[in-house]
Each structure stands twice: as structure tokens, then as C-alpha cells.
Amino acid sequence: MNKTGCLFLLGFCLLATSMFAAAADKGRLSEAALDERLNAVRQDAKATEAAIKTAQKVTFFCANCHGEGGNSNLPEVPNLAGQNSSYLLEQIHKFGDGRRRNEFMQGLIKALSDEEKVSVSVYYASMNVKPAPVVNQALAARGRGLFFKICQRCHGEAGRGSEKIARLAGQKFEYVTSSLKRYRDGTGERLDPFMAANTKVLTDADIIALATYISTME
Ligand code: HEC
Ligand code: HEC
């Protein structure tokens, strides 16, 4: 091979290497393409099974905080079990591009491949959440009243949400409490116009009542 050919090849190899590096590092599918991929996996039993297998390896690590099978034992860490898969993937997108802020989750999401992001969303959606037992009936009843007045029109009567609307039923009390305060107070960790509008009128006592009810919903 002559010198020019060799240099040409070397150039090609360097280009290919940098393209691969980009692919491994951030050259990822667009949000829309990943959402489509999630839908395709969900509609195909074999692909779902494969996704769950992939997720079982990745979620070994997530379980440190989100618990075995997605039922968290840490008050400030959300349950992922039973959560809607499109909502989970959307939150992964939001951590990924900084629309949702949590230093640890933001860093972690950057290390997940496209396939892993889709797989964990499918996996956690397939698990069952374990609601908290009802301890304070009066408080739960007050929360229920508020829930039906303000929240059920989006999150559904049973609090199970839909597609991109979060399931609330069975979510951790402390996590729900702090999330509602963040939306209401516009602290910046999470911003959402719908949730800002619908939490504006809530007092801290309302939030505690709502979170009490939500955590016990099946
Ligand atoms: C060190 C603890 C920790 C680990 C490990 C961890 N998470 Fe999280 N995760 C959190 C915390 C804390 C939050 C809540 C952040 C906030 O306050 O908004 C969260 C939030 C989430 C949410 C948003 C849930 C919702 O209801 O909106 C998703 C999705 C998520 N994590 C997925 C994962 C996945 C997938 C893994 C493993 C690859 C993982 N997490 C590992 C601590 C952790
Ligand atoms: C107009 C529709 C709408 C209404 C009404 C609404 N929500 Fe939401 N809610 C949303 C959307 C959309 C999200 C996802 C926002 C995001 O990505 O941060 C959300 C997210 C949440 C979350 C975060 C869930 C998680 O897993 O992190 C909580 C908690 C919540 N809502 C509670 C409530 C409560 C309690 C009420 C009633 C006081 C309420 N919502 C009313 C649309 C609504």
C-alpha cells in the first residue's frame, strides 16, 4: 500500500473510532426514538421478556436505593414498582438533560445505554408496588377529599395515572410530600406547569394529608 492509501486508512480508522466513542458515550437515540422503542418493546412479548432480563442486571445497582423489585425502604427515595413505563422513561430523559435535578440520578442516567433506559422502564412497570398501611384514618380521609377535588382528573380515581402521568398510588409518604412542596414552591429540582398550578393552593397540612392518602392507595 502506498503512503497516501495508508494515511487515508488511518484517517478512516480514527474517524470510525471517534464515531464509535461518540456512540458509546452520548451518541444516543433521540427522546422520540427511545419513546418509540419503548412502545415497540411493550407490544412484543418476547422483547418484553428480553428487556426484563437486561433490567434485572442493571437494577441490581438501583436496588441499593429503590429497593428489591422497586419498593424502596428509604423514605426520600421513590418506589418505582408499578410506575407507568412512559412516565419512568420521561423522568429518565429529564434527569438526562437537567430538566429534573438530582445530582446522583443525573450522573447515573448518563451511564445507562439506550437499551438499559428502556429496559428498566419496562421492568419496574411490571412489578407490584406495596402501599403503606393506613395508620391515621382521619388524615387519610382528609387527603382523599383533596385528592378527588384536585388531583383525580389527571392522576385518575385510583391514582394510577396514565402514560406520561405518574402513578401516585402507593408512593412513599416523604417523597410525595417533598415533591409536592418542590412543585408548589418552584425550588427548581422539578418544574412542571400543571403541578405548579395544582399545588399553588395547598397548605403544608393539605400536603401531609394528601401524601398520607396517596401512600396507602392500592
Ligand atoms: C443512591 C441512591 C439511588 C440509586 C442507586 C438510584 N436512585 Fe433513582 N432516585 C434516587 C432518588 C433520591 C430519587 C428522587 C430524586 C428527587 O428527589 O427528585 C430517584 C428518582 C428516580 C426516578 C424518578 C421516579 C419518579 O417517581 O419520578 C427514576 C425513574 C429512577 N430514580 C431510576 C433509577 C434507576 C433506573 C436506577 C439504577 C440504574 C436508580 N434510579 C438508582 C436515588 C437513587
Ligand atoms: C393537570 C393535570 C394534573 C393535575 C390536576 C395534578 N397533576 Fe400531579 N402530575 C401531573 C404531571 C404531568 C406530572 C409529571 C410532572 C413531571 O414530569 O415532573 C405530575 C407529577 C406528580 C407527582 C410526582 C410523581 C413522582 O413519581 O415523582 C406527584 C407526587 C403528583 N403529581 C401529585 C399530584 C397531586 C397530589 C395532585 C392534586 C393536588 C396532582 N398531582 C394534580 C399532572 C397533574
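Residues numbered from 1 in each chain as written. Chains lettered and ligands numbered in written order. Predicted model: local features only at pLDDT ≥ 70, side-chain atom pairs only at ≥ 80, totals over all residues. Heavy atoms only, no water.

Before going further, it helps to examine the site of ligand 1. C62, C65, H66, Y87 and M105 are the nearest of the 22 residues found near ligand 1. H66 places a side-chain nitrogen or oxygen 2.8 Å from a nitrogen atom of ligand 1. In this structure, R100 approaches ligand 1 through a side-chain N or O atom, which is 2.7 Å from an oxygen atom. Of all the secondary-structure elements, those providing two or more residues to the shell around ligand 1 are α3 (45–66), α4 (85–97), α5 (103–110) and α8 (173–185). Here the shell around ligand 1 gets 5 residues from one element, more than from any other, and that element is α3. The residues that make up the shell around ligand 1 include at least three from each of domain 1 (29–125) and domain 2 (137–216). (Near = heavy atom within 4 Å. Polar contact = N/O pair within 3.5 Å; in protein donor to acceptor, adjacent residues only side chain to side chain. Helix = DSSP H or I, 4+ residues; strand = E, 2+ residues; numbered from the N terminus. Domains from an automatic or database assignment.)

Compared with an ideal rise of 1.5 Å per residue, which puts 12 residues at 16 Å, helix α6 (residues 114–125) spans 17 Å between its outermost C-alpha atoms and is within 8% of the ideal. Among the 12 residues that make up α6, 9 are buried, leaving the element largely enclosed by the rest of the structure. (Expected span 1.5 Å × (residues − 1). Buried < 20%, exposed > 50% of the residue type's maximum accessible area, 1.4 Å probe, protein only.)

As a further point, take the coordination of the iron atom of ligand 2. Donor atoms from the polypeptide that bind the iron atom of ligand 2 are H155 (NE2) and M195 (SD), placed at 2.1 Å. With 6 donor atoms in place around the iron atom of ligand 2 and angles of 87 to 179° between them, the coordination shape is octahedral. Taken together, the positions of H155 in helix α7 (residues 137–155) and M195 in helix α9 (residues 193–199) put the pair 40 residues apart, joining distant regions of the chain. One exposure class covers both H155 and M195, and it is buried. (Donors = N, O, S within 2.8 Å, 3.2 Å for Na, K, Ca; no water. Tetrahedral: all angles 85-135°; square planar, octahedral: opposite > 155°, others 65-115°.)

Space left empty within the atom packing is revealed by a probe, the size of a water molecule, rolled over the atoms. This model, assessed by the stated rule, comprises 1 cavity of 30 Å³ or more. Among the residues making up the lining of the largest cavity, the classes are represented as 4 nonpolar, 4 polar and 1 charged. The residue makeup of the lining of the largest cavity includes at least three contributed by each of domain 1 (29–125) and domain 2 (137–216). (1 Å grid on protein atoms, 1.4 Å probe; cavity = no way out; pocket = protein on both sides within 12 Å on 5 of 7 lines; lining within 4 Å. Points joined across faces, edges and corners; volume = space filled by probe spheres on them. Nonpolar A, V, L, I, M, F, W, Y, C, P; charged D, E, K, R; others polar.)

Below, the discussion takes up the site of ligand 2. Taken together, 24 residues are adjacent to ligand 2, and C151, C154, H155, Y175 and M195 come closest. Between ligand 2 and Q91 there is a distance of 2.9 Å, counted from an oxygen atom to a side-chain nitrogen or oxygen. K94 places a polar side-chain atom, nitrogen or oxygen, 2.6 Å from an oxygen atom of ligand 2. Every element with two or more residues in the shell around ligand 2 is listed here: α4, α7, α8, α9 and α10 (204–216). Of the residues that constitute the shell around ligand 2, the class distribution is 15 nonpolar, 5 polar and 4 charged. Both domains that furnish three or more residues to the shell around ligand 2 are identified here as domain 1 (29–125) and domain 2 (137–216).

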